[in-house]
Amino acid sequence: MSLQVTTLPNGFRIVTESMPGIESAAVGLWVEAGARHEQESQNGVAHFLEHMAFKGTARRSALQIAEEIEDVGGYINAYTSREMTAYYARVLRADVPLALDVLADIVLNPAFEPREIEVERGVILQEIGQALDTPDDIIFDWLQETAYPGQPIGRSILGPSARVSGFDAGDLRRFVTEHYSPGQMILSAAGAVDHDVLVRLAEPLFAHLTPRPRLVPDTARFASGERREMRGLEQAHFALAIEAPDYRAPDFYTSQVFSGALGGGMSSRLFQRLREDRGLCYTVFAQSGAYFDTGLITIYAGTGAEEIGDLAMLTIDEIKRAAEDMRPDEVARARAQMKAGLLMGLESPSQRAERLAKLLSIWGRVPDLSEAIARIDAVDVGAVRAHAAQLLDKSGIALALYGPIDRAPYLSALSERLAA
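Computed from a predicted model, the values in this text were never measured in an experiment. Sequence order as written defines residue numbering, which begins from 1 separately in each chain. Local features in this predicted model are restricted to residues whose pLDDT is 70 or higher, and side-chain atom pairs enter the listing and the counts only when it is 80 or higher, whereas totals over whole chains, interfaces and linings include all residues. Side-chain numbers come from the whole structure's heavy atoms, not from hydrogens or water.

## Considering helix H14 (residues 369-377)
For step 1, the next point in the chain: Relative accessibility thresholds used throughout: buried, under 20% of the residue-type maximum; exposed, over 50%; partly exposed, between the two (1.4 Å probe, protein chains only). Secondary structure follows DSSP: runs of H or I at least 4 residues long count as helices, runs of E at least 2 residues long count as strands, and numbering of each begins at the N terminus. For H14, the set of buried residues is Ala-372, Ile-373 and Ile-376. In an axial view of H14, the angular spread of the buried residues amounts to 95°, which keeps them on one side of the axis.
For step 2, the next point in the chain: Whether two residues are in contact is decided by their heavy atoms, any of which lying within 4.5 Å being enough. Those residues of H14 hidden inside the fold are in contact with helix H9 (252-263) and helix H12 (328-345). To be clear, the arc concerns the directions from the helix axis to the C-beta atoms.

## With respect to the pattern of salt bridges
For step 1, the next point in the chain: In the sections that follow, a salt bridge refers to a side-chain nitrogen of Lys or Arg positioned within 4 Å of a carboxyl oxygen of Asp or Glu. This model, assessed by the stated rule, comprises 34 salt bridges.
For step 2, the next point in the chain: The salt bridge partner of Arg-60 is Asp-101, with a shortest N-O separation of 2.7 Å. Of this pair, Arg-60 sits in the loop between helix H1 (45-52) and helix H2 (62-70) while Asp-101 is found in helix H3 (residues 96-108), placing the two residues 41 residues apart along the sequence.
For step 3, the next point in the chain: Residue class for Arg-60 comes out buried when judged on its relative accessible area of 5%.
For step 4, the next point in the chain: Arg-321 is the salt-bridge partner of Glu-318, the closest N and O atoms lying 2.8 Å from each other. Taken together, the positions of Glu-318 and Arg-321, both in helix H11 (residues 308-325) and 3 residues apart, correspond to about one turn of that helix.
For step 5, the next point in the chain: Given the relative accessible area of 0%, Glu-318 is considered buried.
For step 6, the next point in the chain: The network of salt bridges with shared partners includes Arg-269, Arg-273, Glu-318, Arg-321, Asp-325, Arg-327, Asp-329, Glu-330 and Arg-333.

## Regarding the pairing of strand S11 (residues 397-403)
For step 1, the next point in the chain: For S11, a buried count of 7 out of 7 residues is recorded, marking the element as mostly surrounded by other parts of the structure.
For step 2, the next point in the chain: Bridge analysis of strand S7 (residues 225-230) against S11 gives 6 bridges, and the strand direction is parallel. Note that in S11 the partner of Gly-225 across the bridge is Ala-398.
For step 3, the next point in the chain: Relative to S11, strand S8 (residues 236-244) runs antiparallel, the two being bridged by 6 bridges. Its bridge partner being in S11, Phe-238 is matched across the sheet by Leu-401. Strands qualify as paired when DSSP identifies two bridges or more between them.

## As for the packing of H11 against helix H16 (residues 411-419)
For step 1, the next point in the chain: Note on geometry: axes are lines fitted to C-alpha atoms, helical ones only across the stretch in contact, with angles between N-to-C directions running from 0 to 180 degrees. Contact geometry of H11 with H16 gives a least axis separation of 9 Å together with a crossing angle of 30°. When the interaxial angle is binned, H11 and H16 end up roughly parallel. By crossing handedness, the relation of H11 to H16 is classed as right-handed. Contacts from Ala-312, Met-313, Ile-316, Asp-317, Ile-319 and Lys-320 in H11 reach Ala-413, Leu-414, Arg-417 and Leu-418 in H16.
For step 2, the next point in the chain: Residue composition of the contact of H11 with H16, grouped by class: 7 nonpolar, no polar and 3 charged. Angular relationships are summarised with four words: roughly parallel below 35 degrees, roughly antiparallel beyond 145, roughly perpendicular across 65 to 115, and oblique for the angles in between. In this scheme the handedness of a crossing depends on how the near helix is turned from the far one: anticlockwise by less than a right angle means left-handed, clockwise means right-handed. Residue classes follow a fixed rule: Ala, Val, Leu, Ile, Met, Phe, Trp, Tyr, Cys and Pro count as nonpolar, while Asp, Glu, Lys and Arg count as charged, and any other residue, Gly among them, counts as polar.

## Description of the sheet that holds strand S9 (residues 281-290)
For step 1, the next point in the chain: An order of S7-S11-S8-S10-S9 is seen for the 5 strands of this open sheet, with the pairing classed as mixed. For this open sheet the edge positions go to S7 and S9, each flanked by a neighbour on one side alone. Averaged over neighbouring strand pairs, the angle between their axes works out to 10° when direction is ignored.
For step 2, the next point in the chain: Packed onto the sheet, helix H5 (residues 135-147) meets S7, S8, S9, strand S10 (295-303) and S11 and runs at close to 150° relative to S11.

## Quick notes on the sheet that holds strand S1 (residues 2-7)
For step 1, the next point in the chain: Pairing in this open sheet of 6 strands is mixed, and the strands run S1-S2-S6-S3-S5-S4 from one edge to the other. Looking at which strands have only one partner, the edges of the open sheet turn out to be S1 and strand S4 (75-80). Between one strand axis and the next, the sheet turns through 15° on average, direction left out of account.
For step 2, the next point in the chain: As judged from the 6 bridges shared by S4 and strand S5 (residues 85-92), these two strands associate in the antiparallel manner. Paired with Ile-76 across the bridge in S5 is Ala-89.
For step 3, the next point in the chain: Packing of helix H13 (residues 349-363) onto the sheet brings it into contact with S1, strand S2 (13-18), strand S3 (24-31), S4, S5 and strand S6 (185-191), and relative to S6 it is tilted by some 145°.

## What to know about the side chain of His-47
For step 1, the next point in the chain: If you trace the backbone, His-47 turns up in helix H1.
For step 2, the next point in the chain: A residue is classified by how much of its surface remains accessible, and His-47, at 5% relative accessible area, is buried.
For step 3, the next point in the chain: Distance and chemistry together define a polar contact, namely a pair of N or O atoms within 3.5 Å, with one atom able to donate a hydrogen and the other to accept it when in protein, and with adjacent residues in sequence counting only for side-chain atoms on both sides. Of note is the side chain of His-47, whose polar atom sits 3.1 Å from the side chain of His-51.
For step 4, the next point in the chain: Aside from chain neighbours lying at most four places away, what touches His-47 is Glu-38, Thr-80, Ile-124, Glu-127, Ile-157 and Leu-158.

## Structural notes on the packing of aromatic side chains
For step 1, the next point in the chain: For Phe, Tyr and Trp, rings pair up if their centres lie within 6.5 Å, where Trp contributes its six-membered ring, and each pair is then called stacked (planes under 30 degrees apart), edge-to-face (over 60) or tilted (otherwise). Taken as a whole, this structure holds 11 aromatic pairs when the rule is applied.
For step 2, the next point in the chain: Their ring planes at 55° and their centres at 6.2 Å tell us that Tyr-247 and Phe-252 sit as a pair that is tilted.
For step 3, the next point in the chain: The rings of Tyr-247, Phe-252, Tyr-253 and Phe-292 are connected pair by pair, giving a single aromatic cluster.
For step 4, the next point in the chain: Should the NZ of a Lys or the CZ of an Arg lie within 6 Å of a ring centre and within 35 degrees of the ring normal, that charge is described as sitting over the ring. We note Arg-228 situated over the ring of Tyr-410; from NZ or CZ to the ring centre the distance is 3.6 Å.

## What about the nonpolar core?
Nonpolar side chains in soluble globular proteins tend to end up buried together.
For step 1, the next point in the chain: Among the buried residues, those of types Ala, Val, Leu, Ile, Met, Phe, Trp, Tyr and Cys that are joined through side-chain atoms within 4.5 Å form a nonpolar core. Formed by 51 residues in total, the largest nonpolar core has its most connected members in Tyr-87, Ile-106, Tyr-180, Leu-187 and Phe-206.
For step 2, the next point in the chain: When residues of this core are assigned to their parent elements, the largest contribution, 8 residues, is made by H3.
For step 3, the next point in the chain: Those residues in contact with Leu-187 that sit more than four places away from it in its chain are Phe-12, Arg-13, Ile-14, Val-15, Val-27, Gly-28, Leu-29, Leu-100, Leu-198 and Ala-202.

## Notes on the environment of Lys-320
For step 1, the next point in the chain: Mapped onto the elements, Lys-320 comes out in helix H11.
For step 2, the next point in the chain: By relative accessible area, Lys-320 is classed as buried at 18%.
For step 3, the next point in the chain: With 89 residues separating them along the chain, Lys-320 and Pro-409 place their C-alpha atoms 17 Å apart.
For step 4, the next point in the chain: Contacts of Lys-320, omitting those with residues within four sequence positions, involve Leu-392, Arg-417, Leu-418 and Ala-420.

## So, the packing of H11 against helix H15 (residues 381-392)
For step 1, the next point in the chain: Look at H11 against H15: their axes get within 7 Å of each other, and the N-to-C directions meet at 140°. Compared by their axis directions, H11 and H15 come out oblique. Between H11 and H15 lies a crossing of left-handed hand. Counting all contacts with H11, which are made through Ile-319, Lys-320, Ala-322, Ala-323, Glu-324 and Asp-325, the residues of H15 involved are Arg-385, Ala-388, Ala-389 and Leu-392.
For step 2, the next point in the chain: For the contact of H11 with H15, the residue count by class is 6 nonpolar, no polar and 4 charged.

What follows is the structure, given as structure tokens:
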């Protein structure tokens, strides 16, 4: 497999990795602008902009955008995260030029026609309503807001309905002007791709773009707090977060291994203790997520109104116990799960293209796979125990509860148990 990177004079980056034996290619534009780059008055505009990319350009209608890709058996989509917006397609080898032309068109030349804005506004408002009606979705937005109060990184990606209802073409164009500069864009492709050919195709599409200063988002500041929402649901939804390392931190992989051992699978501590031993829940997991300047270890479980108290306290106990008696076999299993997940993901051109873009964004280069494997293998039981102990000494925990939570302990009780 051949990995190559080219940077155009205006800062636009192109990264590819060819995969022998693959007849399709994943091609995408990753823009280093997401929800945390918004001002409060813009909350939701990055996501709105992503939707509008598919609603027509000066050259193509919304139907033509879909038809041109689907006529060749391809697939096109997009997503918005807190730090990036991605527009991507999966096509056969011969159709890579078409995919790139369509992607460039929808990102650089959206029409923002008033009628289409109104249509898509209704779609997004329905999406917001659906999220509000899905407890195990909305609780993570509430947890994020609680962990980072009053900050862009803490706000919902979808934005509040009141703001989304007021966006117009000017708001969308303003965000593009502020953040869609060539230095914030990465063209990433994997599979049946030729790097030199892709660069030649990309130059007339992107080389003319004028570089602009990057607007740096506010630094994230984790805070301890809680949000409790009573509602007559069948389950009480419990989500807890502790601040974790950012992408570039030396203990990033230690945090990933720790969260895997704590709640990453059926053999994990939380699953075995809360579900298998006590029968307190059906779903429980822990995961470690990272941003450019912060991260979160998040624990989620759905349980009954009667069981929420025991579940919350036992979760705290398992976090504390990990600092004392995490075993070598648990750490080895979590390492194996991480490596297997990483290597299995590389078999997909789409996942590989996304990985290339993210690594180039984070590091300014694409580290060799062996570097990641070596860093995962270097995490031993001593490092995991020390990391767990360090987490307990941090600035506290963030808590979100939703549903029949009358018997749920308050943050103060959980914090006292954590510190005991």
